[in-house]
Amino acid sequence: MATENPSRKLLAVLRGQKFDVPPVWLMRQAGRYLPEYRELRAEKGGFLELAYDSDAACEITLQPIRRFGFDGAILFSDILVVPHAMGQDLWFETGEGPRLAPKLSENDWRDFTPAPERLEPVYETVRKVRAALPAETTFLGFAGSPWTVATYMVAGQGSKDHAETRAQAYSDPQKFGDLIDAITATTVDYLSKQIEAGVDAVQLFDSWAGSLSPAQFERWVIAPNAAIVSALRERHPDTPIIGFPKGAGAKLVAYASEVKPDAIGLDETVDPVWANASLPEGLPVQGNLDPLALMAGGEALESAVARILAAFENRPHIFNLGHGILQHTPIAHVEKLLNLVRGG
């Protein structure tokens, strides 16, 4: 058993160290369940205005650290800044979510004019957070994985079954592969610049990986994520990478062995006992409390937390949700969660 070190405990777990009390952070911890976030958003305007305002994005990144003392801070941004930098227009419809245009079901991405300067405010946010963050807090950058980003680029918005994107991948795999390659290259540069600006580790969000068949998963999830991990390791060999293929299920085993992330994120549908038995020994895992159990609180929260902690007691583990925290989650439930994990 390692001696617990209060300095960047989360980073130590990503490098393979195990603690009796795991570090904690929550996906979407900087967001609309917090009154201080809602107040700032009302003052500044829409989501994208916040994400591209480095002072506002820095403040939002720091808000949950001040309130809860999480072990990790996650950069406040959005995965769709990458297609925005590739030349698509990006905006957010109130109450409906993101929109991208022209959508690739009707257009060719190679006709767009790249605009990498659109990412400069994100790097400035990283520099500001790095300067303000407590020394013991691990700073996490992130990007969307190519398949998930492509689903938005093709359809121009989110969708339930990603049918347009899956159909394009089947009908013209060469053209779709070129798009995936372009997203991959942009993502490598984007994450590399986040690292250069000051993040300690990065996470790849493949939020829609679960919509693919096994063969398509191999081609459009495993292959591009492996390429990103390999390229980042060449540039930044000391920076850990978390892979989060939501919905992968049993395909997590292949993802872990072929992508080779430093840690793997588990969504709430994954049985933690199965994951501990099936994933490579010693591979750090992150997760995987159901966000609805956190929102419900009470016995649902207590029993779920206990099961996860027991399953991973002999493995490097970062306690997190299986996906993002929900808007109406009571702050008292987050405080209770921290007490349950930390034994307070």
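For clarity, every value in this text was computed on a predicted model and none was experimentally measured.

### Notes on the overall build of the chain
Thinking step 1. Across its full length, the chain holds 15 helices and nine strands.
Thinking step 2. Against the globule reference of 20 Å for 344 residues, the chain gives a C-alpha radius of gyration of 19 Å, in line with a compact fold.
Thinking step 3. With respect to the three principal axes, the spread of C-alpha positions in the chain is 55 × 45 × 40 Å.
Thinking step 4. Within the chain, buried positions represent 56% of all 344 residues.
Thinking step 5. Surface accessibility of the chain: about 13700 Å² in total, with carbon and sulfur atoms responsible for 49%.
Thinking step 6. Positive and negative side-chain charges in the chain, numbering 32 and 44 respectively, have mean positions lying 1 Å apart.

### Section: the environment of serine 230
Thinking step 1. With respect to the secondary-structure elements, serine 230 resides in helix H10 (residues 214-235).
Thinking step 2. Using a relative accessible area of 39% as the deciding quantity, one classes serine 230 as partly exposed.
Thinking step 3. Residues serine 230 and lysine 260 lie 30 residues apart in sequence; the distance between their C-alpha atoms is 8.7 Å.

### Examining the sheet that holds strand S8 (residues 285-289)
Within a sheet, each strand pairs with its neighbour through backbone hydrogen bonds, oriented either parallel or antiparallel.
Thinking step 1. Across the sheet, which stays open at both edges, the seven strands sit in the order S1-S4-S5-S6-S7-S8-S9 with parallel pairing between neighbours. Among the strands making up the open sheet, the edge pair consists of strand S1 (72-74) and strand S9 (317-321). Ignoring strand direction, the axes of neighbouring strands in this sheet form an average angle of 25°.
Thinking step 2. Examined bridge by bridge, strand S6 (residues 241-245) and strand S7 (residues 263-265) share two bridges and lie parallel to one another.

### A few points about H10
Thinking step 1. The first and last C-alpha atoms of H10 sit 30 Å apart over 22 residues, in line with the 32 Å expected at 1.5 Å per residue.
Thinking step 2. Within H10, the axis deviates most sharply at isoleucine 222, by approximately 25°, and proline proline 224 lies no more than four positions further along.
Thinking step 3. The complete set of buried residues in H10 reads Gln216, Phe217, Trp220, Val221, Ile222, Pro224, Asn225, Ala226, Ile228, Val229 and Leu232.
Thinking step 4. Taken together, the buried residues of H10 touch helix H7 (146-155), helix H8 (163-171), helix H9 (173-197), strand S5 (201-206), S6 and helix H11 (252-259).

### Here's the deal with H7
Thinking step 1. With ten of ten residues buried, H7 is to be regarded as a mostly interior element.
Thinking step 2. Within the sequence span of H7, burial applies to Pro146, Trp147, Thr148, Val149, Ala150, Thr151, Tyr152, Met153, Val154 and Ala155.
Thinking step 3. Directly after H7, the chain includes glycine 156, whose backbone phi takes a positive value near 80°.

### A word on the confidence of the model for the chain
Thinking step 1. Confidence in the prediction of the chain, expressed as mean pLDDT, is 95, and 98% of residues score 70 or more.
Thinking step 2. Predicted confidence for residues 1-5 stays below pLDDT 50, and this span has twelve contacts to residues more than four positions away or in other chains.

### Structural notes on the packing of aromatic side chains
Thinking step 1. Tallied over the entire structure, the rule returns ten aromatic pairs.
Thinking step 2. Residues tyrosine 123 and tyrosine 190 carry aromatic rings whose centres are separated by 6.1 Å and whose planes lie at 50° to one another, so their mutual orientation is tilted. Residue tyrosine 123 is found in helix H6 (residues 120-132), and its partner tyrosine 190 is found in helix H9; the two are separated by 67 residues along the sequence.
Thinking step 3. Relative accessible area serves as the criterion here: at 5%, tyrosine 123 is assigned to the buried category.
Thinking step 4. Among the aromatic residues, those joined into a cluster by ring pairs are Tyr37, Phe47, Phe76 and Phe92.
Thinking step 5. Directly above the aromatic system of phenylalanine 217 lies the positively charged group of lysine 251, at a separation of 5.2 Å from the ring centroid.

### So, the pairing of S5
Thinking step 1. Here S5 lies mainly inside the structure; six of its six residues are buried.
Thinking step 2. Residues Ala201, Gln203 and Phe205 point to one face of S5 and Val202, Leu204 and Asp206 to the other, with burial holding for every one of them.
Thinking step 3. Two strands pair when backbone bridges link them, and strand S4 (residues 138-144) and S5 are joined in this way by five bridges, in the parallel orientation. Bridged to leucine 140 within S5 is alanine 201.
Thinking step 4. As paired strands, S5 and S6 are joined by five bridges and run parallel to one another. Each bridged residue has a counterpart across the sheet, and for aspartate 206 the counterpart in S6 is proline 245.

### Things to note about the nonpolar core
Thinking step 1. Residues Phe70 and Leu289 are the most contacted members of the largest nonpolar core, which totals 116 residues.
Thinking step 2. A total of ten residues in this core trace back to one element, the largest contributor, which is H9.
Thinking step 3. Not counting residues up to four positions away in its chain, the partners in contact with leucine 289 are Glu268, Leu294, Leu301, Ala304, Val305, Ile308, Phe319, Asn320, Leu321, Gly322 and Leu337.

Cut-offs used in this document
Residues numbered from 1 in each chain as written. Predicted model: local features only at pLDDT ≥ 70, side-chain atom pairs only at ≥ 80, totals over all residues. Heavy atoms only, no water. Helix = DSSP H or I, 4+ residues; strand = E, 2+ residues; numbered from the N terminus. Rg over C-alpha atoms; globule rule 2.2 N^0.38 Å. Buried < 20%, exposed > 50% of the residue type's maximum accessible area, 1.4 Å probe, protein only. Areas by Shrake-Rupley, 256 points an atom, 1.4 Å probe, with all protein chains shown as cover. Lys, Arg positive; Asp, Glu negative; His and termini not counted. Charge placed at Lys NZ, Arg CZ, Asp CG, Glu CD. Pairing = 2+ DSSP bridges. Axes fitted to C-alpha atoms, helices over the stretch in contact; angles between N-to-C directions. Expected span 1.5 Å × (residues − 1). Bend = angle between axes of the 7 residues up to and from the residue. Contact = heavy atoms within 4.5 Å. pLDDT = per-residue confidence, 0-100. Phe/Tyr/Trp six-rings, centres within 6.5 Å; stacked < 30°, edge-to-face > 60°. Lys NZ or Arg CZ within 6 Å of the ring centre and 35° of its normal. Core = buried A, V, L, I, M, F, W, Y, C linked by side-chain atoms within 4.5 Å.

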